[in-house]
Amino acid sequence: RKILTDRINRIEVSATMAITAEALKLKSQGVDLADFGAGEPHFSTPEHIKQAAIEAIEKNFTRYTNVAGVPEVRKAIVDRHAADFGSSYAVDECVFTTGGKLALFNAIQVLVDHGDEVILPVPYWVSYKDIIQYAGGVPVYVESLESENFRITAEMIEAAITPKTKCIILNTPSNPSGAIIAPEDVEAIVRLAHSRGIYLLIDECYVYLTFSGEVISAGKFTDCKEHIIILGSLSKTYAMTGWRAGYALGPKPIIAAMSKLQSQSTSNSASMVQKASIAAVAGPQECVAEMRADYIKLRDRILEGFKTIPGLTCTVPQGAFYVYPNVSAFFGKGGIETASDVAAKLLSEAHVVCVPGEPFGTSEHIRLSYAVSESVVDEGLKRMREFFAGLK
Ligand code: PLP
């Protein structure tokens, strides 16, 4: 009798987590790493958010809450969304989850049955594919072109629709490429999904880290609400990765189903995290603008540095905190054949941590998270320059 289920065997350990584990091992051996691996802000959680959690604990706000989150946190989220993006969600169209990843996981679990197809633009965030497969769904990939700044259009999505298409997943700004989907393309895809009765799951966890152009959310298209599920996270916006605070906004029956699933799994997310999240979302937003300004500086610094590495090419990210350079010019040199080889050698020989592109669906790139200090950027660039120059 086999021990593990087919469904758990259909998925793999998150590739970014695997790299993080390898980097931690080297760190514990005393190796000094220039670490661009993990996708998390280098900032500390802002003080007023931490204080709200401390106060919640001191006031014994430490019991079970509503499974979907206390009404106050959900109200704070829908109000912020309405103010920032012109959306119109009611409190019962919002579920608060233990991180954005769980919002995505639960949404897919309640929407995707065995054999259902889910359209996934490439490159994609590592977890989408596995979460779809865990639910028994089939990812249908739509390739974007680096030469077009990884643009995704409604025409590209439409060409992949079949009678089995249940959902489309979009992620803007994108992890790994930092590309944004242009507002007109978001609108066209929203309308396409709505007209075909397909659910659009849009991962907006980096929406507040949009650097240029109009900042929009799919929630703006209120007439198509019926087919839109917005996945949000406080992790990146407020430097709260460890708190596990995320949410989904969507049609009431879908949100209710996600809450039902939550009632049989995590139950409510931590009560004090909910209080901290109210402080984050309803409180002063200057911290977000300050962090965003820093990410823009860091992006420019790393892109400038890349220009001094012959062979490396890179699109200009318009959001999030990742760069996705193309390393194919080095294939065939120094025993390197793939992006994974580049990442492995950068780690073992240059002590630079990055993630290879393969788990994101492309074979010629590596992903670096520049949510690090300027000195790490500079040191990492120096090591990369020497490493790539030394390849024969
Ligand atoms: N979506 C994307 C595109 C991400 O990059 C991440 C985290 O890296 C998440 C969702 C999940 O974030 P969390 O579960 O920390 O809220």
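Residues numbered from 1 in each chain as written. Predicted model: local features only at pLDDT ≥ 70, side-chain atom pairs only at ≥ 80, totals over all residues.

### Focus: the nonpolar core
One broad rule of soluble globular proteins: the nonpolar side chains tend to lie buried together.
Part 1: Core analysis: the biggest nonpolar cluster contains 118 residues, and Ala-107, Leu-200, Leu-231, Ala-248 and Tyr-370 have the highest contact counts within it.
Part 2: No other element matches helix 5 (residues 100–111), which puts seven residues into this core.
Part 3: Formed jointly, this core draws a minimum of three residues from each of two domains, domain 1 (6–44 + 287–389) and domain 2 (51–282).
Part 4: When near neighbours in sequence (up to four residues on either side) are disregarded, Leu-231 contacts Gly-100, Ala-103, Leu-104, Ala-107, Leu-201, Ile-202, Asp-203, Glu-204, Cys-205 and Ala-248. (Core = buried A, V, L, I, M, F, W, Y, C linked by C-beta atoms within 7 Å. Buried ≥ 20, exposed ≤ 12 C-beta atoms within 10 Å, placed from the backbone. Helix = DSSP H or I, 4+ residues; strand = E, 2+ residues; numbered from the N terminus. Domains from an automatic or database assignment. Contact = placed C-beta atoms within 7 Å.)

### Some remarks on the sheet that holds strand 9 (residues 322–323)
Part 1: If you trace the three strands from one edge of the open sheet to the other, you get 9-12-11, paired in antiparallel fashion. The open sheet has two edge strands, strand 9 and strand 11 (355–356), and neither has a second partner.
Part 2: With two bridges joining them, strand 11 and strand 12 (residues 366–369) adopt antiparallel strand pairing. Bridge assignment links Val-355 to a residue of strand 12, and that residue is Arg-367. (Pairing = 2+ DSSP bridges.)

### A look at the packing of helix 12 (residues 339–350) against helix 13 (residues 374–389)
Packed helix pairs are specified by the crossing angle of their axes together with the interaxial distance, meaning the distance between the axes.
Part 1: Closest axis-to-axis distance for the helix 12/helix 13 pair is 11 Å, and the angle between their directions is 110 degrees. Taken together, the axis directions place helix 12 and helix 13 in an arrangement best described as roughly perpendicular. Packed against helix 12, whose contacting residues are Leu-346, Glu-349 and Ala-350, the element helix 13 presents Arg-383, Met-384 and Phe-387 at the interface.
Part 2: Counted by class, the contact of helix 12 with helix 13 contains four nonpolar, no polar and two charged residues. (Axes fitted to C-alpha atoms, helices over the stretch in contact; angles between N-to-C directions. Parallel < 35°, antiparallel > 145°, perpendicular 65-115°, else oblique. Nonpolar A, V, L, I, M, F, W, Y, C, P; charged D, E, K, R; others polar.)

### A short note on the sheet that holds strand 3 (residues 117–122)
Each strand in a sheet pairs with another by means of backbone hydrogen bonds, the pair being arranged parallel or else antiparallel.
Part 1: With mixed pairing, the seven strands of this open sheet are ordered in space as 2-8-7-6-5-3-4. The outermost strands of the open sheet, each flanked by one partner alone, are strand 2 (94–97) and strand 4 (138–143). Mean inter-strand twist for the sheet, computed between neighbouring axes without regard to direction, equals 20 degrees.
Part 2: Here four bridges tie strand 7 (residues 228–233) to strand 8 (residues 246–249), and the two strands are oriented antiparallel to one another. Bridging from a neighbouring strand, Ile-230 pairs with Leu-249 of strand 8.
Part 3: Contacts between helix 4 (residues 71–85) and the sheet are confined to strand 2 and strand 8, with strand 2 contributing the most and set at about 115 degrees to the helix.

### Regarding the domain arrangement of the chain
Part 1: According to the domain assignment, the chain contains domain 1 (6–44 + 287–389) and domain 2 (51–282).
Part 2: Placing a centre on the C-alpha atoms of domain 1 and another on those of domain 2 gives a separation of 25 Å.
Part 3: Listed as interface residues are 34 residues of domain 1 and, on the opposing side, 32 residues of domain 2.
Part 4: Elements supplying a minimum of two residues to the side of domain 1 that touches domain 2: helix 2 (15–28), helix 11 (286–306) and strand 9.

### Points about unusual backbone geometry
Part 1: Along the chain, Val-122 connects to Pro-123 via a cis peptide bond; the corresponding omega equals 0 degrees.
Part 2: Within the fold, Pro-123 resides in the loop between strand 3 and helix 6 (126–134).
Part 3: At the junction of Thr-172 and Pro-173, the peptide bond is cis and its omega measures out at -10 degrees in the coordinates.
Part 4: Note that Pro-173 resides in the loop between strand 5 (165–171) and helix 8 (183–196).
Part 5: Despite not being glycine, Ala-239 shows a phi value in the positive range, around 55 degrees.
Part 6: Relative to the helices and strands, Ala-239 resides in the loop between strand 7 and strand 8.
Part 7: The class of Ala-239 is buried, set by 22 C-beta atoms lying within 10 Å.
Part 8: The phi dihedral of Ser-267 falls on the positive side, at around 60 degrees, and the residue is not glycine.

### Remarks on the pairing of strand 7
Part 1: Most of strand 7 sits out of view: six of its six residues are buried.
Part 2: Alternating residues of strand 7 divide into Ile-228, Ile-230 and Gly-232 and Ile-229, Leu-231 and Ser-233, and every residue in both groups is buried.
Part 3: Pairing analysis gives four bridges linking strand 6 (residues 199–203) to strand 7, with the strands arranged parallel. Within the sheet, the bridge partner assigned to Ile-202 lies in strand 7 and is Ile-230.

### What to know about the confidence of the model for the chain
Part 1: Of all residues in the chain, 99% attain a pLDDT of 70 or more, and the chain-wide mean is 96.
Part 2: Confidence metrics for the complex model read pTM 0.95 and ipTM 0.98. (pLDDT = per-residue confidence, 0-100.)

### Some remarks on the UniProt feature "domain: Aminotransferase class I/classII large" (unreviewed entry) in the chain
Part 1: Within this numbering scheme, the UniProt entry marks residues 33–383 as carrying the feature "domain: Aminotransferase class I/classII large" (unreviewed entry).
Part 2: For the annotated span residues 33–383, helix accounts for 39% and strand for 14% of the residues, and the straight-line distance between the end C-alpha atoms is 10 Å. (UniProt positions renumbered as here; feature names shortened; annotations may be inferred.)

### Side note on helix 10 (residues 271–282)
Part 1: The end-to-end C-alpha distance of helix 10, which contains 12 residues, comes to 17 Å, matching closely the 16 Å that a straight helix rising 1.5 Å per residue would cover.
Part 2: Inspection of helix 10 places Ser-271, Val-273, Gln-274, Lys-275, Ala-276, Ser-277, Ile-278, Ala-279, Ala-280 and Val-281 among the buried residues, and these make up the whole buried set.
Part 3: If you follow the buried residues of helix 10, they end up packed against helix 3 (47–58), helix 4 and strand 2. (Expected span 1.5 Å × (residues − 1).)

### Section: the site of the ligand
Part 1: What surrounds the ligand is a group of 13 residues, the closest being Gly-99, Gly-100, Lys-101, Ser-233 and Ser-235.
Part 2: Grouping the constituent residues of the shell around the ligand by class yields two nonpolar, nine polar and two charged. (Near = placed C-beta within 6 Å.)

### Quick notes on the packing of helix 4 against helix 10
Part 1: At their nearest, the axes of helix 4 and helix 10 sit 9 Å apart, and the two run at 20 degrees to each other. In terms of orientation, helix 4 and helix 10 fall into the roughly parallel class. Crossing hand, helix 4 versus helix 10: left-handed. Every residue of helix 10 that contacts helix 4 at Glu-72, Val-73, Ala-76, Ile-77 and Arg-80 is listed here: Gln-274, Ser-277, Ile-278, Val-281 and Ala-282.
Part 2: Split into classes, the residues belonging to the contact of helix 4 with helix 10 amount to six nonpolar, two polar and two charged. (Left-handed = near helix turned anticlockwise from the far one by under 90°.)

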